[in-house]
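Take a look at the letters that make up each chain.
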Amino acid sequence: MSLEDFIATAKQQRASDLHLEAGLPPALRVRGSLRTLGEPIPAKALFEWAREIIGEAQWQNFLERRSADLSRILQGVRCRINIMQTARGIGFAIRLLSTFQATAALIQEINLTEARHIVTIESPIEYAFRPRRAYIRQREVGRDTPSFEQALLDALREDPDVLMVGEMRDPETMRLTLNASETGHLVVTTVHSSTCAEALQRVVAAFPSEIQDTVAAQLADCLVAVIAQRLRFRPELNIRVPECEVLIPSNPVKAHIRNRDFFKIISALELGAEHGMWTFQRYCNWLDKRTNWFIPEQTPETPDGEMEDLPAPPIAPSGAAAPKPALQESKQKMSPATAAGDGRIEIEPIESGFGKILK
């Protein structure tokens, strides 16, 4: 079997992720559970697939770093691919991206409602946005900019209204993201964590102990909202739906952040409904009462695109976290994402009621 065959199988089984490892059978993550199928994959085959996808121009970089992040369209599915060196050889971790439009995408809501300059910094770019009311620039780390840090430094000289930082992975990226939010820009970013309080605690704990008080105060001052999300399979719908926890920085919440009393945020969440806060439990109760659902399988699939990614543009001179709440229901159905001319999944416009929240 080829890599495309494995992608086709994963798509058919509605898997969210595909894992390939030398000497082991392929593994699929379906509805959150991992299961294997088929025969072990030879190390030579994985090596050849990796070299073909990465390309000769970037192969030496892979040999030096022992990993590569990229996105491609395979079998009509946009895939985020991590290729890594392991003890057995070369392995793949592939995320199959959604082929329907997520109308709650925060950048898209700004794009539809505000005439703003939006700069995104992503590794890699997963969805290509078509500018509507907003003027959108997307930069991919490793191709359009050498690092998140350099892109953030550049961004402050590029007259942005909104910055989207794909992920805060290290203290330097976190520091620059917080600095950007202090200058009056709206910054949307992500941190890997299971709860809102844990996300805030992780940001502060990433810095040396002697400056954590300063970072906590900075975070409390610039915070707009924090959203934690997890997915739960609903058998009656045969889909996984998001369950959210939403934290709004009320005065008590800001005090807890400044004092680094992150454990007290839990009680503030439970008592903060009037401020627009949601605990996981209240959100689950709200979901249980819903009767109107959008089922993605009712939407046509994205047409096949080319496997090749965008060619690298000519090099030119160059020149947080505050996610916005996303709880209000869209009363309109989601339209299918379409494949842009460059092979990326393109976010199409759907009007919805997020204008008031964003303002």
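Starting afresh in each chain, residues are numbered from 1 along the sequence in its written order. It should be noted that, the model being predicted, local features are given only for residues of pLDDT at least 70 and side-chain atom pairs only at 80 or more, the latter also being counted only at that level, while totals for whole chains, interfaces and linings use all residues. Water and hydrogen atoms play no part in the side-chain values, which are based on all heavy atoms of the structure.

1. Side note on the overall build of the protein chain
Note on conventions: DSSP H or I runs of at least 4 residues are helices, E runs of at least 2 residues are strands, and numbering of each starts at the N terminus. From N to C terminus, the protein chain includes twelve helices and 15 strands. The buried label applies to any residue whose accessible area, calculated with a 1.4 Å probe on protein chains only, is under 20% of its type's maximum; exposed applies above 50%, and partly exposed to all values in between. Taking all 359 residues of the protein chain together, the buried fraction comes to 49%. Here the Shrake-Rupley method, with its probe set to 1.4 Å, supplies the accessible areas, and only the displayed protein chains count as covering residues. For the protein chain, the exposed surface amounts to about 18,000 Å²; the carbon and sulfur share of it is 51%.

2. Topic: the sheet that holds strand 11 (residues 186-189)
The rule for pairing is simple: two strands pair if DSSP sees at least two bridges between them. Across the sheet, four strands lie side by side as 9-7-10-11; this open sheet has parallel pairing. Edge positions in the sheet fall to strand 9 (135-140) and strand 11, since each has one partner strand and no second. Taking each pair of neighbouring strands and ignoring which way they run, the sheet shows an average axis angle of 15 degrees. With four bridges joining them, strand 7 (residues 117-122) and strand 10 (residues 162-165) adopt parallel strand pairing. Within strand 10, the position partnered with Thr120 by the bridge is Met164. Helix axes use the C-alpha atoms of the stretch in contact, all axes being lines fitted to C-alpha atoms, and the angles between their N-to-C directions lie in the range 0 to 180 degrees.

3. Things to note about the packing of aromatic side chains
The geometry of an aromatic ring pair is captured by two quantities: the separation of the ring centres and the angle between the planes. Pairing of aromatic side chains here covers Phe, Tyr and the six-membered ring of Trp, requires ring centres within 6.5 Å, and sorts the geometry by plane angle: under 30 degrees stacked, over 60 edge-to-face, intermediate tilted. All told, the structure shown has six aromatic pairs when counted by the stated rule. Ring centres of Trp278 and Tyr283 lie 5.7 Å apart, and the angle between their planes is 75 degrees; on these two criteria the pair is classed as edge-to-face. With respect to burial, Trp278 and Tyr283 carry one shared label: buried. Pairwise contacts between aromatic rings join Phe47, Trp59 and Phe62 into one cluster. Just above the ring of Phe280 sits the side chain of Arg230; from NZ or CZ to the centre is 3.9 Å. Charge over a ring is defined by NZ of Lys or CZ of Arg lying within 6 Å of the ring centre and within 35 degrees of the ring normal.

4. Considerations on the state of the cysteines
Disulfides are defined in this document as cysteine sulfur pairs within 2.5 Å. Taken as a whole and judged by the stated rule, the model has zero disulfides. Free cysteine: Cys284, not disulfide-bonded; nearest cysteine sulfur from Cys244 at 9.5 Å. Accessibility expressed as a relative area gives 10% for Cys284, which makes it buried.

5. Focus on the side chain of Glu167
Positionally, Glu167 belongs in the loop between strand 10 and helix 6 (171-182). A relative accessible area of 18% means that Glu167 is categorised as buried. Side chain to side chain, Glu167 and His192 meet in a polar contact 3.0 Å long. Apart from the residues lying within four places of it in its own chain, the contact partners of Glu167 are Phe148, Thr173, Thr189, Thr190 and His192. Polar contacts, as counted here, are pairs of nitrogen or oxygen atoms within 3.5 Å of one another; within protein the pair requires one atom able to donate a hydrogen and one able to accept it, and residues that are adjacent in sequence qualify only if both atoms are side-chain atoms. A contact between two residues is defined here by any heavy atoms of the two lying within 4.5 Å.

6. What to know about the confidence of the model for the protein chain
On average, residues of the protein chain score 82 in pLDDT, and 81% of them reach the 70 mark or higher. Confidence per residue, as judged by the predictor, is encoded in pLDDT with a range of 0 to 100. Note on residues 299-358: pLDDT under 50 across the span, and 162 contacts to partners over four residues away in sequence or across chains.

7. Focus on the environment of Ala15
Here Ala15 is to be found in the loop between helix 1 (3-12) and strand 1 (17-20). Judged by relative accessible area, Ala15 falls into the buried class, the value being 8%. Separated by 16 residues in sequence, Ala15 and Arg31 place their C-alpha atoms 7.2 Å apart. Not counting residues within four places of it along the chain, the set of residues in contact with Ala15 comprises Ala10, Leu28, Arg29, Val30 and Leu96.

8. Description of the sheet that holds strand 6 (residues 90-96)
Read across the sheet, six strands follow the order 3-2-1-6-5-4 without closing on themselves; strand pairing throughout is antiparallel. Of all the strands in the sheet, the pair left with one neighbour each is strand 3 (33-36) and strand 4 (67-74). Strand after strand, the sheet turns through a mean of 20 degrees between neighbouring axes, direction not considered. Direction of pairing for strand 1 relative to strand 6: antiparallel, over a ladder of four bridges. Across the sheet, the residue bridging to Asp17 is Arg95, located in strand 6. Of the strands in this sheet, strand 1, strand 4, strand 5 (77-85) and strand 6 touch helix 2 (residues 43-54), which is tilted by about 60 degrees from strand 6.

9. Overview of helix 8 (residues 212-222)
Here helix 8 has its buried residues at Gln212, Val215, Ala216, Gln218, Leu219, Ala220 and Cys222. Buried residues belonging to helix 8 abut helix 6, helix 7 (196-205) and helix 9 (251-258).

10. Structural notes on unusual backbone geometry
Each neighbour pair has its own omega, and for Ser123 with Pro124 the value is -5 degrees, a cis peptide bond. Even without being a glycine, Arg31 presents a positive backbone phi close to 55 degrees. Residue position: Arg31 is located in the loop between strand 2 (27-30) and strand 3.

11. Some thoughts on the nonpolar core
Residues Leu200, Val203, Leu219, Val226, Leu247, Ile257 and Ile265 are the most contacted members of the largest nonpolar core, which totals 39 residues. When contributions to this core are tallied by element, the ones reaching two or more residues are helix 6, helix 7, helix 8, strand 12 (226-234), strand 13 (239-247), helix 9, helix 10 (265-270) and helix 11 (280-288). At six residues, the largest contribution of residues to this core is made by helix 7. We define a nonpolar core as any set of buried Ala, Val, Leu, Ile, Met, Phe, Trp, Tyr and Cys residues linked to one another through side-chain atoms lying within 4.5 Å. Core analysis: the second largest hydrophobic core is formed by 30 residues, Ala45, Ala50, Ala68 and Leu74 among them.

12. Focus on the side chain of Asp17
Residue position: Asp17 is located in strand 1. Looking at Asp17, the relative accessible area reads 9%, which means it is buried. At a separation of 2.8 Å, a polar atom in the side chain of Asp17 contacts the side chain of Ser16. Those residues in contact with Asp17 that sit more than four places away from it in its chain are Ala27, Leu28, Arg29, Ile94 and Arg95.

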